[in-house]
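Report on the structure
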Amino acid sequence: MENCLFCKIAGGQIPARKVHEDDEILAFHDINPARPVHLLVIPRRHITSLATATEADVPVLGRMLAIANRLASEQGSPDGFRVIINTGRIGHQEVQHLHAHIVGGPEPVGPMLKRI
Ligand code: AMP
Ligand code: ZN
């Protein structure tokens, strides 16, 4: 996908601090971390968002979660973590390539959302 930031990271045209790479999934540090551990796990293949994923994407989505779990432990959040998949306008998704945020660290990340 042309002009997709995360496709460019997956293709090596834009650098990232990678922590996992295989033929279908890539994980790297978020450039603007919100917590001591803040990773992004993405499918290499362009999927715009969870809203456009299909049944055919179930295996890669499942592997993303399994990799997230392993990476959280390895990268400094062994006692739990949070997975966030912002989706579409309402979900405040800024990069239009499906990605799971893995956030954590030594301290609890806090309540899920501020109540409005
Ligand atoms: P979202 O709002 O869920 O689309 O989140 C996009 C995330 O991508 C944000 O947390 C950004 O800090 C992160 N981000 C943007 N550009 C880069 C980059 N070049 N490398 C790593 N993370 C990035
Ligand atoms: Zn993409």
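Residues numbered from 1 in each chain as written. Chains lettered and ligands numbered in written order. Predicted model: local features only at pLDDT ≥ 70, side-chain atom pairs only at ≥ 80, totals over all residues. Heavy atoms only, no water.

**Examining the overall build of the protein chain**
Broken down by element type, the protein chain carries two helices and five strands. Along the chain direction, N to C, the helices and strands of the protein chain fall in the order α-β-β-β-α-β-β. Radius of gyration (C-alpha) of the protein chain: 14 Å, near the 13 Å computed for a compact globule of 116 residues. Principal-axis analysis of the C-alpha atoms places the extent of the protein chain at approximately 40 × 35 × 25 Å. Put simply, the protein chain has 116 residues, and 36% of those count as buried. Restricting to contacts in the protein chain with at least 6 residues of sequence separation, those with at least 24 account for 53%. A distance of 6 Å separates the average location of the 12 positive side-chain charges in the protein chain from that of its 12 negative side-chain charges. (Helix = DSSP H or I, 4+ residues; strand = E, 2+ residues; numbered from the N terminus. Rg over C-alpha atoms; globule rule 2.2 N^0.38 Å. Buried < 20%, exposed > 50% of the residue type's maximum accessible area, 1.4 Å probe, protein only. Contact = heavy atoms within 4.5 Å. Lys, Arg positive; Asp, Glu negative; His and termini not counted. Charge placed at Lys NZ, Arg CZ, Asp CG, Glu CD.)

**Let's talk about the coordination of the zinc ion (ligand 2)**
Binding of the zinc ion (ligand 2) to the protein goes through Cys-4 (SG), Cys-7 (SG), His-46 (ND1) and His-97 (ND1), at separations of 2.0 to 2.3 Å. The site at the zinc ion (ligand 2) holds four donor atoms, and with the angles between them running 106 to 116°, its shape is tetrahedral. When the donors of the zinc ion (ligand 2) are listed by position in the chain, the intervening gaps give C-x2-C-x38-H-x50-H. Taken together, the residues span a long stretch of sequence, with Cys-7 in helix α1 (residues 5-10) and His-97 in the loop between β4 (82-84) and β5 (100-104) at a distance of 90 residues. (Donors = N, O, S within 2.8 Å, 3.2 Å for Na, K, Ca; no water. Tetrahedral: all angles 85-135°; square planar, octahedral: opposite > 155°, others 65-115°.)

**A few points about the site of ligand 1**
Taken together, 16 residues surround ligand 1, and among them Asp-30, Glu-94, Val-95, His-99 and His-101 come closest. His-99 is positioned with one of its side-chain polar atoms (N or O) 2.8 Å from an oxygen atom of ligand 1. At 2.8 Å from an oxygen atom of ligand 1 is found a side-chain nitrogen or oxygen belonging to His-101. Considered on its own, ligand 1 offers 510 Å² of accessible surface; in the complex 84% of this is hidden by protein. Classifying every residue of the shell around ligand 1 gives seven nonpolar, seven polar and two charged. (Near = heavy atom within 4 Å. Polar contact = N/O pair within 3.5 Å; in protein donor to acceptor, adjacent residues only side chain to side chain. Areas by Shrake-Rupley, 256 points an atom, 1.4 Å probe, with all protein chains shown as cover. Nonpolar A, V, L, I, M, F, W, Y, C, P; charged D, E, K, R; others polar.)

Interpretation note: all reported values are geometric properties and have no functional meaning in isolation.
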